[in-house]
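# Chain and residue survey
Here are the chains, one letter per residue:
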Amino acid sequence: MSHATAHAPELEVSGRGRGITSAEIVRGTFWTVVFLVFLFAVGLVYALLVAGLQKLLGHDWGHAIGSILSVVLLFVMVLGALLTMADRKWGSLVQDRLGPNRARLPIPGLKNSSFGGIPHLAADVVKMLTKEETVPAAGARFVFNLAPALAFGPVIVLFGVVPMSPDFPLWGESVRLQVADVDQGLLVVFGAASIAVLGTTLAGWASNSKYALLGGMRASAQMISYEVTLGLTLVGLMIVFGTLKLDEMTAGQATHVWGWLPAWGVFFQPLAIIAYFAAANAELKRAPFDLPEGESEIVGYFIEYSGLKFGLFMISEYVEVVIFAGLFTAMFFGGYHLPWGEASLAQLLGPTAMGLVQLWVFIVKTVFFCWLSLIVRWTFPRFRYDQVMNLGWKMLLPLSLANVLVTGAAMLWGGREAAAAVGLAELALLLAYVIGAPAISRSGEESSLAPPSHEAPAAHAAH
Amino acid sequence: MAIQSLPVIAEPLGARERLYLREVVRGVGITAGHFIHNLFGIRDPNPEVLERRGFNLDAAQQYPEERKQLPPGYRGMHRLVPREDGKPRCVACYMCATVCPAQCIYIEAGEYDAEGIEKYPVRFEIDELRCIVCGFCVEACPKDAIRMDTGRHSPAVLSRGLATFDKEALLEGPAVTHPTDVLTYGKPARGGAAGHRT
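Residues numbered from 1 in each chain as written. Chains lettered and ligands numbered in written order. Predicted model: local features only at pLDDT ≥ 70, side-chain atom pairs only at ≥ 80, totals over all residues.

The next point concerns the domain arrangement of chain B. What the domain assignment lists for chain B is domain 1 (15–69) and domain 2 (79–189). For domain 1 of chain B and domain 2 of chain B, the distance between their C-alpha centres works out to 47 Å. (Domains from an automatic or database assignment.)

Set out below in structure tokens:
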């Protein structure tokens, strides 16, 4: 879009991007349906894996091993790995490019198909596995080797408390896709998330490199700052649902306020969603908050890492995207619940199919929020460091504190209905602000914010 | 010495812009719009990007498969122009090698025994890696013996030596005869031209 002028947007000049044809609509609908069916099949495979292992090993062991396998390894890791490619491919779609498509599989007849860049995944893995391992001679060797594990391990743990589906019967077993149903739910999330700071900070320190140290310092300051906001934004939700357990929170979102409004977190806490999304992106160290990486100037805390150790840092970033999308879904957007008509659908489908549909709903929502997170990354330029700190401490933190106060007051005053009313009012205000009339005329403001006159500055007068 | 700062002339932000959220939503709207266009639109593979039509907004060329039409005056790789009998028109005068600023042309001259012209290149080599594609050799040539109209770029090669093209590799294209060719090949021209022969 660099050639676009202020007067005539590029689209209008070239006449492109107008009028979707019916062939494109048919093709788009077809592939969308294929994608959704694929996601459903994937969910079925996860559930069958858990059920089969429960048959094989008994309920407790089968559930433990099966859910770790299906939820953590097959869902989070595979989606995270696919997102590494999706980030490049979707970025190319946003920027009117084609993206990576040169790695091709030697399949007869299909040799000219790039499969959406999927073979690049294999190429990347092979490349990382075969790279030379380098350790800085003056670095702290043990910590240097420990840091990637510290960055990656806690991230994997995070998803354990997220419920992907309710209890539902499948293959004669009661299946539930959630690794650990712990009472402290959200506190586990915060605890594990704050360990991830250690990994990045230690990586920056142990590398004995100026750039890595800069990145590590930025990472520690930024992540610790935004953890405060991240925690406080969710306090409002804890007040509304009266629980720390994510599955109880999800169950609470199946109900309706006033009989018609789904009791989703989004309707109670619209301000918290904004603060949470910003804080989560800062916590993930992803653009526009990617100062610790700072690709163009300092390369970041992992500058000295090579091969699969660097790969661990990279994949943990994308795994975190999946996890925060999952948490976002479970806390604010109803988890595995549909907004309306669940009771009648359950009667129609029976418990098994309904459980699978709910699992599918969760996967679709999570994939959507992964997409949103990646689109945000391709939309905004990086903040300056002081802007990051200002946003965190001066805007998001007061906002989340005020949110806690307002939510608490509303709950005390009128219970859940009052909280929903306040939330709807906030939502209406936000919508009015976002889609409202164009910005206020600037001419009236120039007197107060006029740039300093550069006719005769004091510095010139002194000379 | 005092550091003088340049005045930054920026339009002051309006109240809505300073709240940032509205602009965030608008920005995501723009990128999501491009995403939808490029995801669902069928790509027009026209190599002329500006003439592409349709819902898709892609502006990239898949280079080896989609090649841009080169403009008429485009200078590509060199070729040696053959004459009617298949030998190069080149008379080994060294003008191109002399004018070449990159010194990428190497010529060894030899003498014809039984022809109307004296010299021919025994070796004529161009190092396409050194060539800066200025076209001076074409301008300097008095016999229209070297041209850069192949329309090809320097090819990708696996070693540097392979980028040096010899006379046989360079000699291609249709034969050219000019009415101003004073000496016809094979037989002496009428008049005093025969005196050039040994």
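The biggest cluster of nonpolar side chains holds 111 residues, and the ones touching the most others in it are A:Ala47, A:Ala279, A:Val322, A:Ile323, A:Leu359 and A:Cys370. Among the elements that line this core, the one with the most residues is helix α11 (residues 307–332) of chain A, at 16 residues. Non-local contacts of A:Cys370, meaning those with residues more than four positions away in its chain, are made with A:Leu79, A:Leu83, A:Val321, A:Val322 and A:Ala325. In terms of nonpolar packing, the next biggest core, distinct from the first, is built from 17 residues, B:Leu80, B:Met95, B:Phe124 and B:Phe165 among them. (Core = buried A, V, L, I, M, F, W, Y, C linked by C-beta atoms within 7 Å. Buried ≥ 20, exposed ≤ 12 C-beta atoms within 10 Å, placed from the backbone. Helix = DSSP H or I, 4+ residues; strand = E, 2+ residues; numbered from the N terminus. Contact = placed C-beta atoms within 7 Å.)

All names here are of chain A. One way to put it is that helix α5 (residues 141–158) packs onto α11 with a least axis distance of 9 Å and a crossing angle of 25°. One way to sum up the angle between α5 and α11 is to call them roughly parallel. Here the hand of the crossing between α5 and α11 comes out left-handed. Contact residues: Pro148, Ala151, Phe152, Val155, Ile156 and Leu158 in α5; Lys309, Leu312, Phe313, Ser316, Val319, Glu320 and Ile323 in α11. Along the lines of polarity and charge, the residues of the contact of α5 with α11 split into 10 nonpolar, one polar and two charged. (Axes fitted to C-alpha atoms, helices over the stretch in contact; angles between N-to-C directions. Parallel < 35°, antiparallel > 145°, perpendicular 65-115°, else oblique. Left-handed = near helix turned anticlockwise from the far one by under 90°. Nonpolar A, V, L, I, M, F, W, Y, C, P; charged D, E, K, R; others polar.)

So, on to the sheet that holds strand β2 (residues 105–111) of chain B. All names here are of chain B. The strand order β2-β3-β5 describes an open sheet built from three strands, whose pairing is antiparallel. The open sheet terminates on both sides in strands that have one partner only, identified here as β2 and β5 (164–165). Pairing of strand β3 (residues 119–127) with β5, which is carried by two bridges, proceeds in the antiparallel orientation. Opposite Ile126, over in β5, you have Phe165 as the bridge partner. (Pairing = 2+ DSSP bridges.)

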